[in-house]
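Working through the structure, step by step
Here is what each chain is made of, one letter per residue.
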2 protein chains.
Amino acid sequence: MVQQNGTGEQSSDPDYFQTNPKPPNLDRQITLARSFIEQHASENRRVALVASGGTTVPLENQTVRFIDNFSAGTRGATSAEYFLEAGYAVIFLHRQFSLLPYSRHYSHSTNCFLDFMTHNDAGAVVVESEYQQQMAQVLSRYRKAKEDNTLLLLPFTTVNEYLWLLRGLAMQMQPLGANGLFYLAAAVSDFFVPAERMVEHKIQSSEDFQEELTNGNGARAPAAHMDGKRLIINLDPVPKFLKLLVDGWAPRSMIVSFKLETDPSLLAKKARYALEKYSHHLVIGNLLNTRKWEVLFVSADGGERWIRVPAGRRSKSVTNWDHDSQPQEPAIEIESWIVPEVAKEHTKMIEKAASKQ
Amino acid sequence: MVQQNGTGEQSSDPDYFQTNPKPPNLDRQITLARSFIEQHASENRRVALVASGGTTVPLENQTVRFIDNFSAGTRGATSAEYFLEAGYAVIFLHRQFSLLPYSRHYSHSTNCFLDFMTHNDAGAVVVESEYQQQMAQVLSRYRKAKEDNTLLLLPFTTVNEYLWLLRGLAMQMQPLGANGLFYLAAAVSDFFVPAERMVEHKIQSSEDFQEELTNGNGARAPAAHMDGKRLIINLDPVPKFLKLLVDGWAPRSMIVSFKLETDPSLLAKKARYALEKYSHHLVIGNLLNTRKWEVLFVSADGGERWIRVPAGRRSKSVTNWDHDSQPQEPAIEIESWIVPEVAKEHTKMIEKAASKQ
């Protein structure tokens, strides 16, 4: 189903949504989003869709094994808080059980959640006094977002769920016009197993049980097979959804994508390449090892600039540790600088759109 | 490095620990375990090593993508609580950020953690009254385990970390003799990328950047390569560590392994096969879709029996929802039946060992 265009470039697969099944709970999620968006559209509020966490690629229909993309969801969950602070309503499209705005300060911690708790004299469970002040603040902000109905949490797990949700939400956001913003910080798989090549049952490693994999299940050209003692997995490219988003699903919104690399020599080149390929507004580049300290803004006007925060002391959220965090946390959450910069660009775009009307 | 024995069966790879690097924090973890085990050995207490959660297989050294095994850690975290209740000291060897004993009642919930909290009249953060009673109970048990030093939490992420830890811990547990128990509920990868075939940087999907993958990094026969637009991953079998555990690392301990299948027709056959292959004491078989309601005990004496709990109402832990949970939770946590059965078998084994001395 892959199509070639004139330049030999792979174009997006229009058949994707015909050949890969709609997630069972999609309609319910879209219904939630519709009323959320309608409310904020009627109040002329900006709405940011913040995508966060990694997507999975199941290797079997009854999934025991899957491929995953590294992401605790720190960038997305932290950014969502700053978008709320900047007056946006936020649709938080996140990997289930990844970090969430506000609760992120207390989850994925080296402490067990119960370490924050104690019994008071009356035997009731209360928060330990040393955590009281910060938690009171975090709880207030979380409650405000709930009362104002400015934060909608929508979970996904697989890349298929993510793509269906992204398309469905983008369609719903069209009435927002330039007030819509896509902040695509999720780590989305580049490769996947199309539904038609998926095996039903757990792939059997033991040689005594392999016929179930190679003969059974009715999968055409199954995505996994044994070659002697080795397991061979072959994956198809995920359609270039960013192209579809920019050209078709969200033509009037601001679109910001992220580019994560591990090789410093590739980062600027790949960020620029993505921007030119998809013709959206901003690519934020970051390196796996330094992503909490520095990011590279590459924008459509040709500009490239680094945003860097000082290292040296621990973050305000002393309780929040990524599982790969460096010994030193940055002094400032870099998202507190990224989000206002993005919002500024968004303002310009909205003004430009208004002047054209 | 794979060796064949006389039966054509693949034997465990003695070179694994020579060719796959020791995790940087292993020594620190083993030191913690040593003093924990010494204390309980001196008090003649049984010690259960409970392995829980899935292991990952990184596809790059600077890991962006990895293969994972499905497991929230429910079986392990729940079982650990019942082992503590049964008087065991527990080494909880778990996937980082998977469910933990006690805190499991409030994490991986559809509720955000902050939904359990409220401000009281004095402005302090306290637990909502409706959750007070249960949380007070859970917190008491957690604190008791901490005070008695009967629960040691040791995290892993990759299958390599898991194997090094399992070997190291088993060696430390040898002085426990028959008082040691291995309850291997972790979902361990069957396939992995050996260190020598690992690429350094993120695998590039775009055709314009592929030379870094195929030419670079110095990996011999890299585990991933592009074939046109497809990504091909080829994985080696993980050495049969259970064989090494039974024969070499923990010859006097009781060893219980789990077998998770999706195909009901394979379960009993595969559980029996594993028991015969590794000559340990007990295999607990379970199916992905019914694992909270029923498990199959397959033991060395030839016995096979199902343990089944009634369905029909929600679990006592109304706050604890697995991301794949069925609409109805079982009325009873099945681990509250599994663990006492295992402990009974363990008692028999200890008595038998004592009678031989």
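Worth saying up front: this structure is predicted, and the values here are computed from it rather than measured. (Residues numbered from 1 in each chain as written. Chains lettered and ligands numbered in written order. Predicted model: local features only at pLDDT ≥ 70, side-chain atom pairs only at ≥ 80, totals over all residues. Heavy atoms only, no water.)

When helices and strands are tallied, chain A shows 9 helices and 15 strands. For chain A, the proportion of its 357 residues judged to be buried stands at 60%. Sequence separation of 24 or more characterises 70% of the internal contacts of chain A that already satisfy a separation of 6 or more. Surface exposure of chain A reaches about 14600 Å², of which carbon and sulfur atoms provide 49%. (Helix = DSSP H or I, 4+ residues; strand = E, 2+ residues; numbered from the N terminus. Buried < 20%, exposed > 50% of the residue type's maximum accessible area, 1.4 Å probe, protein only. Contact = heavy atoms within 4.5 Å. Areas by Shrake-Rupley, 256 points an atom, 1.4 Å probe, with all protein chains shown as cover.)

Right, let's get into the interface of chain A and chain B. Interfaces are often sized by the amount of accessible area the parts lose when they come together. Taken together, the contact pairs 75 residues of chain A with 74 residues of chain B. In this assembly, chain A packs against chain B so that about 7300 Å² is buried in total across both faces, 61% of it on carbon and sulfur atoms. Three residues stand out in chain A for area buried against chain B, namely A:Phe97, A:Leu114 and A:Lys229, and they jointly supply 9% of the buried area on that side. Applying the counting criterion to the chain A and chain B interface returns 8 salt bridges. Where B:Glu128 meets A:Arg143, a salt bridge forms, and the shortest distance between an N and an O atom there is 3.3 Å. Remark: the boundary between chain A and chain B carries 29 residue pairs in polar contact (both at pLDDT 80 or more). Of all the secondary structure elements, the ones that give two or more residues to the side of chain A that touches chain B are β3 (65-69), β5 (117-119), β6 (125-127), α4 (129-147), β11 (230-237), β12 (254-261) and α8 (267-278) of chain A. Per-element tally for the side of chain A that touches chain B: the top contributor is α4(A), with 9 residues. Classifying every residue of the side of chain A that touches chain B gives 34 nonpolar, 22 polar and 19 charged. (Buried area = accessible area lost by both parts, 1.4 Å probe. Salt bridge = Lys/Arg side-chain N within 4 Å of Asp/Glu carboxyl O. Polar contact = N/O pair within 3.5 Å; in protein donor to acceptor, adjacent residues only side chain to side chain. Nonpolar A, V, L, I, M, F, W, Y, C, P; charged D, E, K, R; others polar.)

Counting across every chain of the model gives 24 aromatic pairs over all chains. Between the aromatic rings of B:Tyr162 and B:Phe241, the centroid separation amounts to 5.9 Å while the plane-to-plane angle is 80°, which identifies the pairing as edge-to-face. Taken together, the residues span a long stretch of sequence, with B:Tyr162 in helix α5 (residues 159-173) and B:Phe241 in helix α7 (residues 241-249) at a distance of 79 residues. Take B:Tyr162: its relative accessible area is 0%, and that puts it in the buried class. Through a chain of ring-to-ring contacts, the aromatic side chains of A:Tyr16, A:Phe17, A:Trp164, A:Phe192 and A:Trp249 assemble into a single cluster. Over the ring of B:Phe17 we find B:Arg167, and its NZ or CZ is 3.9 Å from the ring centre. (Phe/Tyr/Trp six-rings, centres within 6.5 Å; stacked < 30°, edge-to-face > 60°. Lys NZ or Arg CZ within 6 Å of the ring centre and 35° of its normal.)

By the element assignment, A:Glu261 lies in strand β12. Residue contacts for A:Glu261: discarding those within four places in its chain leaves A:Leu266, A:Leu267, A:Lys270, A:Asn286, A:Leu287, A:Leu288, B:Lys202 and B:Gln204.

So, on to the environment of A:Met254. Residues and elements named next belong to chain A. Within the element layout of this structure, Met254 appears in strand β12. Note on Met254: relative accessible area 2%, which makes it buried. Distance in space between the C-alpha atoms of Met254 and Asp148 is 24 Å, their sequence separation being 106 residues. Among all residues touching Met254, those that are not within four sequence positions of it are Gly180, Leu181, Phe182, His281, Leu282, Val342, Glu345, His346 and Met349.

Among the nonpolar cores identified, the biggest contains 120 residues, and A:Tyr162 and B:Tyr162 are the most heavily contacted of them. Ignoring anything within four residues of it in the chain, the contact list for A:Tyr162 reads A:Ala51, A:Thr55, A:Leu93, A:Phe156, A:Leu184, A:Ala186, A:Val188 and A:Phe241. Residues A:Leu151, A:Ala185, A:Phe297 and A:Met349 belong to the second largest nonpolar core, which totals 96 residues. (Core = buried A, V, L, I, M, F, W, Y, C linked by side-chain atoms within 4.5 Å.)

Okay, the pairing of strand β12 (residues 254-261) of chain B next. Residue and element names in this part refer to chain B. Taken across its 8 residues, β12 has 8 buried, putting it largely inside the fold. Of the two faces of β12, the one holding Met254, Val256, Phe258 and Leu260 and the one holding Ile255, Ser257, Lys259 and Glu261 are both buried throughout. As defined by bridge partners, strand β8 (residues 180-184) adjoins β12 across 4 bridges and the pair is classed as parallel. Its bridge partner lying in β12, Phe182 is registered against Ile255. Tracing the backbone out of β12, into helix α8 (residues 267-278) and back to the parallel element strand β13 (residues 282-287) gives a crossover that is right-handed. (Pairing = 2+ DSSP bridges. Right-handed = clockwise from strand over helix to strand, strands pointing away.)

The next thing to look at is the pairing of β11(A). Where a strand is regular, its side chains alternate between the two sheet faces. For β11(A), the buried fraction is high: 7 of the 8 residues fall into the buried class. Taken together, the 2 bridges between strand β9 (residues 191-192) of chain A and β11(A) define a ladder with antiparallel strand orientation. Pairing of A:Phe192 across the sheet is with A:Asp236, part of β11(A). Between strand β10 (residues 224-227) of chain A and the antiparallel strand that follows it, β11(A), lie 2 residues; A:Gly228 among them carries a positive phi value of about 65°. Pairing of β11(A) with strand β11 (residues 230-237) of chain B involves 5 bridges; the strand directions are antiparallel. Bridge pairing in β11(B) places A:Ile232 opposite B:Asn234.

This paragraph deals with the relation of the copies chain A and chain B. Its rotation angle being 180°, the transformation that places chain A on chain B also includes 0.0 Å of axial translation and leaves an RMSD of 0.0 Å. Here the two chains are linked by the operation of a two-fold rotation axis. Comparing interface residues between copies, 99% of those in chain A also lie at the interface in chain B; the contact surface is shared. (Least-squares fit on C-alpha atoms with pLDDT ≥ 70 in both.)

Residues and elements named next belong to chain B. Within the element layout of this structure, Ser253 appears in the loop between α7 and β12. Residue classification places Ser253 among the buried residues on the basis of a relative accessible area of 4%. Not counting chain neighbours up to four residues away, the residues in contact with Ser253 comprise Gly177, Gly180, Phe182, His281 and Met349.

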